[in-house]
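Each chain is listed here by its residues.
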Amino acid sequence: MKRPKLKKASKRMTCHKRYKIQKKVREHHRKLRKEAKKQGRRKPRKDPGVPNSAPFKEALLREAELRKQRLEELKQQQKLDRQKEQEKKRKLETNPGVKASNLEPVNEEFGQRKAKNKAKAGKQNPKKLYCQELKKVIEASDVVLEVLDARDPLGCRCPQVEEAIVQGRQKKLVLVLNKSDLVPKENLENWLNYLKKELPTVVFRASTNLKDKGKIIKHLKLKKRAPFKNEVCVGKEGLWKLLRSFQETYGKAIRVGVIGFPNVGKSSIINSLKQERICNVGVSMGLTRCMQVVTLDKQITVIDSPSCIVSPLNSASTLALRSPASIEMVKPVEAASAILSQADARQVVLKFTVPDFKNPLEFFTLLAQRRGLHQKGGSPNVEGAAKLMWSEWTGASLGYYCHPPTSWTPSPHFNEGIMTDMKQGFNLEELEKNNAHSIHSIRGPRSARSILFQSSGLTNGIIEEKDIPEELPRQKQQEEGEDHNDLDSDQESVDEEADEESLAMVPAEETWALPEESQADESAQSYISDKMAEEEDDAYDFSTDYV
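Residues numbered from 1 in each chain as written. Predicted model: local features only at pLDDT ≥ 70, side-chain atom pairs only at ≥ 80, totals over all residues. Heavy atoms only, no water.

1. Side note on the pairing of strand β4 (residues 254-259)
The side chains of a regular strand alternate between both faces of the sheet.
Right, on to step 1. In terms of residue burial, β4 counts as a mostly covered element, since six of its six residues are buried.
Right, on to step 2. Going residue by residue along β4, you find I254, V256 and V258 tucked away on one face and R255, G257 and I259 tucked away on the opposite face as well.
Right, on to step 3. Two elements, strand β1 (residues 143-149) and β4, share four bridges in a ladder whose sense is parallel. For E146, the partnering residue across the bridge sits in β4 and is I259.
Right, on to step 4. Where β4 lies against strand β6 (residues 300-304), five bridges are found, and the strand directions are parallel. Counted as the bridge partner of R255 is T301 from β6. (Buried < 20%, exposed > 50% of the residue type's maximum accessible area, 1.4 Å probe, protein only. Helix = DSSP H or I, 4+ residues; strand = E, 2+ residues; numbered from the N terminus. Pairing = 2+ DSSP bridges.)

2. Regarding the sheet that holds strand β3 (residues 201-203)
Right, on to step 1. Taking strand neighbours across the sheet as the criterion, the six strands line up as β3-β2-β1-β4-β6-β5 in an open arrangement whose pairing is mixed. Single-partner strands in this sheet number two, and they are β3 and β5 (292-295). Across the sheet, the mean angle from the axis of one strand to that of its neighbour is 25°, orientation sign disregarded.
Right, on to step 2. Contacting β1, β2 (172-178), β3, β4 and β6, helix α8 (residues 236-250) runs over the sheet at an angle of about 140° to β4. (Axes fitted to C-alpha atoms, helices over the stretch in contact; angles between N-to-C directions. Contact = heavy atoms within 4.5 Å.)

3. A few points about the packing of aromatic side chains
Right, on to step 1. Scanning all chains against the criterion turns up nine aromatic pairs.
Right, on to step 2. Look at W393 and Y400: their rings are 4.9 Å apart centre to centre, the planes differ by 25°, and that puts the pair in the stacked class. Per residue, the accessibility class of W393 equals that of Y400, and both read buried.
Right, on to step 3. Taken together, F352, F357, F363 and F364 form an aromatic cluster joined through their ring pairs. (Phe/Tyr/Trp six-rings, centres within 6.5 Å; stacked < 30°, edge-to-face > 60°.)

4. Some words on helix α12 (residues 332-340)
Right, on to step 1. With seven of nine residues buried, α12 is to be regarded as a mostly interior element.
Right, on to step 2. For α12, the full list of buried residues reads P332, A335, A336, S337, A338, I339 and L340.

5. Looking at the pattern of salt bridges
Right, on to step 1. Here the structure, examined in full by the defined rule, presents 16 salt bridges.
Right, on to step 2. E432 is the partner of K196 in a salt bridge, and the nearest nitrogen-oxygen pair spans 3.7 Å. Of this pair, K196 sits in the loop between α7 (185-195) and β3 while E432 sits in helix α17 (residues 428-441), and the two are 236 residues apart along the sequence.
Right, on to step 3. Overall, the relative accessible area of 33% leaves K196 in the partly exposed class.
Right, on to step 4. Because the salt bridges share partners, they merge into one network encompassing E63, R67 and R70. (Salt bridge = Lys/Arg side-chain N within 4 Å of Asp/Glu carboxyl O.)

6. Comments concerning a positive patch on the surface
Right, on to step 1. There is a patch of like positive charges on the surface, built from K20, K23, K24, R26, R30, R33, K34 and K38.
Right, on to step 2. With respect to the element layout, K23 can be found in helix α1 (residues 15-39). (Patch = residues over 30% accessible without salt bridge, like charges linked within 9 Å, V, L, I, M, F, W, Y side chains within 5 Å. Areas by Shrake-Rupley, 256 points an atom, 1.4 Å probe, with all protein chains shown as cover. Lys, Arg positive; Asp, Glu negative; His and termini not counted. Charge placed at Lys NZ, Arg CZ, Asp CG, Glu CD.)

7. Focus on the packing of α8 against helix α9 (residues 266-274)
Right, on to step 1. Their axes nearest at 10 Å, the elements α8 and α9 cross at an angle of 85°. By the angle between their axes, α8 is roughly perpendicular relative to α9. Seen from α8, the contacting residues are K236, L239 and W240; seen from α9, they are I269, S272 and L273. (Parallel < 35°, antiparallel > 145°, perpendicular 65-115°, else oblique.)

8. What to know about unusual backbone geometry
Right, on to step 1. Phi is positive for K179, close to 60°, though the residue is something other than glycine.
Right, on to step 2. When you line up the elements, K179 lands in the loop between β2 and α7.
Right, on to step 3. On the basis of relative accessible area, K179 is assigned to the buried category, the value being 10%.
Right, on to step 4. Residues other than glycine seldom take positive phi values, yet N263 does so here, at roughly 65°.
Right, on to step 5. Relative to the elements of secondary structure, N263 occurs in the loop between β4 and α9.

9. Side note on α17
Right, on to step 1. With 14 residues, α17 extends 20 Å between its outermost C-alpha atoms, agreeing within 8% with the 20 Å of an ideal straight helix rising 1.5 Å per residue.
Right, on to step 2. Among the residues of α17, L431, N434, N435, S438 and I439 are the ones counted as buried. The buried residues of α17 occupy one face: seen down the axis, they fall within an arc of 140°. Looking at α17, the residues exposed on the side facing more than 90 degrees away from the buried face are E429, K433, H437 and H440.
Right, on to step 3. Considering only its buried residues, α17 is in contact with α7, β3 and α8. (Expected span 1.5 Å × (residues − 1). Arc of directions from axis to C-beta.)

10. Describing the pairing of β6
Right, on to step 1. Among the five residues that make up β6, five are buried, leaving the element largely enclosed by the rest of the structure.
Right, on to step 2. Burial along β6 is two-sided: the residues I300, V302 and D304 and T301 and I303 are all buried.
Right, on to step 3. Across four bridges, the pairing between β5 and β6 is antiparallel. Bridge pairing in β6 places V294 opposite V302.
Right, on to step 4. Counted between consecutive antiparallel strands, the loop separating β5 from β6 contains four residues.

11. Comments concerning the confidence of the model for the chain
Right, on to step 1. Of all residues in the chain, 72% have pLDDT values of 70 or greater, and the mean over the chain is 76.
Right, on to step 2. Predicted confidence for residues 213-230 stays below pLDDT 50, and this span has 17 contacts to residues more than four positions away or in other chains.
Right, on to step 3. Within the model, the stretch residues 535-547 combines pLDDT values under 50 with 24 contacts to residues more than four positions away or in other chains. (pLDDT = per-residue confidence, 0-100.)

Below you can see the structure in the form of structure tokens.
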């Protein structure tokens with residue numbers, strides 16, 4: 001009964017009614033338990049699989065495996081298509097007028113080339129397309145920023161690219177030491193003193209927690225608190241002043257190209273300068289596949305570029321650290337072992353909290369047990385541990401450092417005249433003050449908590465398309481299945497985990513044929529068709545038990 005002056009009716013009831021309801025509920029539950037006890041527990045029926053006496057068992061299993069691969073490829077393709085559609089919608093919604101206003105003078109130059117790339121994307125080798133895009137960025141730039149990983153600056157320098165930039169003496173080359181918060185301060189100062197003798201060098205730490213453009217920040221109601229370590233950008237003011245001083249000396253608007261090897265933080269630096277997530281970034285390598293123009297203001301335009309191609313003639317550790325496809329092209333244990341061979345074993349033990357080890361295989365076994373990586377049957381997953389170690393080493397969280405060479409010697413492609421020309425037009429005194437302030441504001445790790453790594457020196461790269469080696473047939477089949485049309489878009493979305501990225505390279509399907517005798521056996525063919533029909537209905541994967 002609804003009481004007056006109250007919005008809701010009361011839920012109170014008499015004790016007699018409440019007890020009666022509880023009794024009925026107990027009786028209902030008792031009845032269900034009794035019926036279940038009579039029927040007994042029914043275990044899920046296990047599919048017996050293909051019996052050993054069945055004809056063409058291997059052919060059936062192969063067919064099931066191929067069907068599984070096709071399903072995985074279809075899921076990956078659908079996921080990529082959805083991500084591309086979301087990226088296009090996001091750009092149209094958040095930045096509808098940029099192409100018409102800011103990027104119009106720049107896009108007029110590259111419009112025809114971009115259309116040609118779109119037509120040739122499905123036919124050419126993607127590495128050759130990367131070289132084309134990289135050369136276009138170098139040609140269009142007045143200042144080139146070569147991004148170096150502060151953990152191994154010498155290993156991130158490419159002499160072939162630097163020689164192509166400085167040979168005309170019309171472009172300026174500036175080094176940017178990114179990820180400077182992952183090395184000790186003393187080591188960072190030593191590298192800065194070593195590199196600035198040759199080229200202008202900027203200490204930088206990119207911000208990795210930027211909001212997408214046009215998105216509303218949903219945490220306005222939360223209390224203000226100190227920003228996290230990776231939210232603060234260090235070195236932005238110094239880089240801005242350096243570019244501004246050169247623009248004033250140059251007398252007109254400048255274009256700044258950003259180049260470097262994979263996963264050094266090229267796109268993160270652009271996002272930090274723009275203070276929003278314009279370029280997509282992620283933990284995986286080789287995300288940027290085409291040049292992208294970003295307007296900072298009326299006088300400065302930044303051009304993002306694909307990664308430099310690593311020459312296969314480099315050492316195994318260099319290929320494992322700088323090549324995006326190294327973990328797929330070679331065995332993960334071999335790639336991770338090459339990295340581990342150049343690291344201090346004692347500091348690796350302390351960093352990963354594992355016992356002492358005698359060889360890399362023993363280390364991966366201990367790491368798998370430590371991280372809970374086990375295969376079917378309880379044995380440690382050595383390959384998974386190697387992939388984990390490789391991803392942490394190439395990511396932006398593990399702290400390691402290299403010592404600079406004891407004596408300074410200029411690079412072979414530099415001389416006194418080139419080094420003097422590269423420093424003209426920049427305010428080096430102000431840059432030195434800004435670098436000192438950046439180093440003071442960075443809270444780097446201690447040397448005892450970092451891992452000492454032995455650098456392999458300069459990394460040879462490939463800038464000419466003719467120098468790219470021919471690929472294996474299997475590698476060609478894998479890359480033909482990829483969607484190269486995303487070179488026309490800005491970048492691929494990277495909201496995937498490291499495990500999902502490894503599924504992108506699915507082996508090519510292999511065709512198989514039944515023997516002639518089986519084609520004459522009608523009973524065998526009917527058995528196969530019935531078994532395949534049951535497999536499609538139950539969506540059961542025979543390869544899990546028999547492959």
